[in-house]
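What follows is each chain in one-letter form.
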Amino acid sequence: MTVADAVASRRSVREFLDTPVPHATIERVLDQARWAPSGCNYQPWEAVVLTGAPLDALQKVLLAATPDDPAEYDWAAPAASPRYQARLQGVGAAMYGALAIAREDKENRTDFTRANLVSFGAPVLLLCHFPKFMKEPQWSDVGMWLQTIMLLLRGEGLDSCPQEYMGNYGRTIKAHLGLPEDHMLFCGLAIGWKDDKAPVNHFGRERVPLAEQVTFQGFQP
């Protein structure tokens, strides 16, 4: 698989097979991902990776918990802008359409949202955290590290789903895992083998045209 193939085939998978993922595979991916870009070589990212009984135990805690109030960070702020809200609504309509869940079906929509708490059945969950004193450039580094992991997973034939939703339960997760309170629980990353028969793993996604995001200057025709 080329890098371009990995980028094109990566998507947020929301239904996984229960097939185990070998420890050696996860370790190899994470070892390679250490070479992700990092400003000033700070390498701010840290993680706990769970499977089996430890993952089951955390999920039971999460299913019984309530979201943090207040949350430690806001991942939904762009939805206040009509421009970005339209993008959110577009992907939401496509996803729930694939699931055949109507807009007015609040119960099933809530149930699907809560499936985040069990990472959509993924057999492996990476929980990313870092010290709270890290600023915007370091948050960017963490994003590049996570993207590197996701692309390397595609090279192994695996899929993933980045879960900022887990940030809603940051304090609960940190307390359960014994992580430092002065760390930010940034997100989860569900990892496993995609259920290729699940419609939710195949709905169409849109990206805005390149011309809306990038301008070029100084290039010759």
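The structure presented is a predicted model; accordingly, all values stated were derived computationally and were not measured.

A. Here's a closer look at the packing of aromatic side chains. Within this structure, the stated rule accounts for 10 aromatic pairs. Here Phe-130 and Phe-186 contribute two aromatic rings whose centre-to-centre distance is 5.9 Å and whose plane-to-plane angle is 50 degrees, an arrangement assigned as tilted. One end of the pair, Phe-130, is in strand β2 (residues 124-131); the other, Phe-186, is in strand β4 (residues 183-192), with 56 residues separating them in the sequence. For the ring pair Trp-139 and Phe-186, a centre distance of 5.4 Å and an interplane angle of 70 degrees mean the geometry is edge-to-face. Taken together, the residues span a long stretch of sequence, with Trp-139 in helix α6 (residues 136-155) and Phe-186 in strand β4 at a distance of 47 residues. Residue classification places Trp-139 among the partly exposed residues on the basis of a relative accessible area of 26%. Of note, Arg-11 hangs over the ring of Phe-203, and the distance from its end group to the ring centre comes to 4.9 Å.

B. Quick peek at helix α4 (residues 82-98). The first and last C-alpha atoms of α4 sit 24 Å apart over 17 residues, in line with the 24 Å expected at 1.5 Å per residue. Among all positions in α4, only Gly-92, Met-95 and Tyr-96 are buried. Projected onto a plane normal to the axis of α4, the buried residues spread over an arc of 90 degrees and lie on a single side. Opposite the packed face of α4, turned more than 90 degrees from it, sit the exposed residues Pro-82 and Ala-93. Of the residues one or two after α4, Ala-100 is the one with positive phi, at around 60 degrees.

C. Representation of the sheet that holds β4 within the structure. Pairing is antiparallel in the open sheet, where four strands are placed in the order β1-β2-β4-β3. Every other strand in the sheet has two partners, leaving β1 (46-51) and β3 (159-163) as the edge strands with one partner each. Strand-to-strand twist across the sheet, computed as the mean angle between neighbouring axes with direction ignored, equals 20 degrees.

D. Structural context of helix α2 (residues 23-33). When α2 is considered as a whole, its buried residues turn out to be Thr-25, Ile-26, Val-29 and Ala-33. Mapping the buried residues of α2 onto a view down its axis gives an arc of 95 degrees, with all of them on the same face. For α2, the secondary structure elements touched by its buried residues are β1, β2, α6 and β4.

E. Representation of the pairing of β2. Judged by how many residues are buried, β2 sits mostly within the fold: eight of eight residues are covered. Sheet analysis places β1 next to β2, joined by six bridges and oriented antiparallel. Looking at β2, one finds that Thr-51 is bridged to Val-124. As paired strands, β2 and β4 are joined by eight bridges and run antiparallel to one another. From the neighbouring strand, Pro-131 faces β4, where its bridge partner is His-183.

F. Expanded view of a nonpolar patch on the surface. On the surface, Leu-210, Val-214, Phe-216 and Phe-219 cluster together to form a nonpolar patch covering roughly 460 Å² of accessible area. Its place among the elements puts Phe-219 in the segment after β4.

So, how was this worked out
Residues numbered from 1 in each chain as written. Predicted model: local features only at pLDDT ≥ 70, side-chain atom pairs only at ≥ 80, totals over all residues. Heavy atoms only, no water. Phe/Tyr/Trp six-rings, centres within 6.5 Å; stacked < 30°, edge-to-face > 60°. Helix = DSSP H or I, 4+ residues; strand = E, 2+ residues; numbered from the N terminus. Buried < 20%, exposed > 50% of the residue type's maximum accessible area, 1.4 Å probe, protein only. Lys NZ or Arg CZ within 6 Å of the ring centre and 35° of its normal. Expected span 1.5 Å × (residues − 1). Arc of directions from axis to C-beta. Pairing = 2+ DSSP bridges. Axes fitted to C-alpha atoms, helices over the stretch in contact; angles between N-to-C directions. Contact = heavy atoms within 4.5 Å. Patch = residues over 30% accessible without salt bridge, like charges linked within 9 Å, V, L, I, M, F, W, Y side chains within 5 Å. Areas by Shrake-Rupley, 256 points an atom, 1.4 Å probe, with all protein chains shown as cover. Salt bridge = Lys/Arg side-chain N within 4 Å of Asp/Glu carboxyl O.

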